[in-house]
Amino acid sequence: MSENKKTNGMPEFLRKFIVSLKRHPQNIALVVYIIAFFIYNLNLTYISHSTARIQGKNMGIFEFIIMLASTLGVVCFMNSFPRRKNVNIPMLLLNFVLNGLVIFSDVMYRDLIWTALNRADHPIPLEDYIAKAFNMLQTHMIFMIIGIVLTLLLPVYSKLLRKINTNIDVEGNADISNIELSNE
């Protein structure tokens, strides 16, 4: 950074990051959706082993729906906010539908695990991978709900981000009124 620029006490990397968020505030919700996507994908082994062990009705279908709808939800969200254009409302609504489907499938899958662990005849013993799958689905649902809330509150926090001063004070710009233009 040159000596004649001041960033109002803010480090340059933080100023650039905030400027980027001011231009594209939807990236905050996108990051949350991507984190939720990776939470599910990186723990898919636990889900698969739980499905194979419990063999509840439609467990594989719910596992497939979560995977597919999570992937399509991220793609729909990215297509909801095209550059230099207005928000693509149908894609945003489709994103909400897919996220609702993911949360519904998470709840149903957790319910099937709970039912298998607590049934009266031959309950499934709680194993490590089943507990990890059960807890991971809770975490996944929380991140999906946070992503939905951030998407709904996008107009609010985008206005708040715009209020942050990220201007660079350049010495010499203050004396711009003293410069005389000649007609020569």
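Heads up: the structure comes first, above all this text.
Residues numbered from 1 in each chain as written. Predicted model: local features only at pLDDT ≥ 70, side-chain atom pairs only at ≥ 80, totals over all residues. Heavy atoms only, no water.

Asker: So what about helix H2 (residues 26–42)? Which residues, and what values?
Answerer: Under the 1.5 Å per step criterion, the end-to-end length of H2 is 24 Å for 17 residues, consistent within 8% with the ideal 24 Å. Residues of H2 that are buried: Gln26, Ala29, Leu30, Val32, Tyr33, Ala36, Phe37, Ile39, Tyr40 and Asn41. Looking at the buried positions of H2, the neighbouring elements they touch are helix H3 (44–54), helix H4 (59–80), helix H5 (89–118), helix H6 (128–152) and helix H7 (154–162). (Helix = DSSP H or I, 4+ residues; strand = E, 2+ residues; numbered from the N terminus. Expected span 1.5 Å × (residues − 1). Buried < 20%, exposed > 50% of the residue type's maximum accessible area, 1.4 Å probe, protein only. Contact = heavy atoms within 4.5 Å.)

Asker: So, the packing of H2 against H4: which residues are in play, and what are the values?
Answerer: Across the interface, H2 lies against H4 with an axial gap of 10 Å and an inter-helix angle of 160°. Put simply, H2 runs roughly antiparallel to H4. For the pair H2 and H4, the sense of crossing is left-handed. Packed against H2, whose contacting residues are Gln26, Ala29, Leu30, Tyr33, Ile34, Phe37, Tyr40 and Asn41, the element H4 presents Glu63, Ile66, Met67, Ser70, Thr71, Val74, Phe77 and Met78 at the interface. Split by residue class, the contact of H2 with H4 holds 11 nonpolar, four polar and one charged. (Axes fitted to C-alpha atoms, helices over the stretch in contact; angles between N-to-C directions. Parallel < 35°, antiparallel > 145°, perpendicular 65-115°, else oblique. Left-handed = near helix turned anticlockwise from the far one by under 90°. Nonpolar A, V, L, I, M, F, W, Y, C, P; charged D, E, K, R; others polar.)

Asker: Describe in detail H4, supporting the description with residues and values.
Answerer: For H4, spanning 22 residues, the distance from its first C-alpha to its last is 31 Å, which sits close to the expected 32 Å at 1.5 Å a residue. For H4, every residue scored as buried is listed here: Met59, Phe62, Glu63, Ile66, Ala69, Ser70, Gly73, Val74, Cys76, Phe77 and Ser80. Of the surrounding secondary structure, the elements contacted by the buried residues of H4 are H2, H3, H5 and H6.

Worth remembering: the numbers are spatial, not functional.
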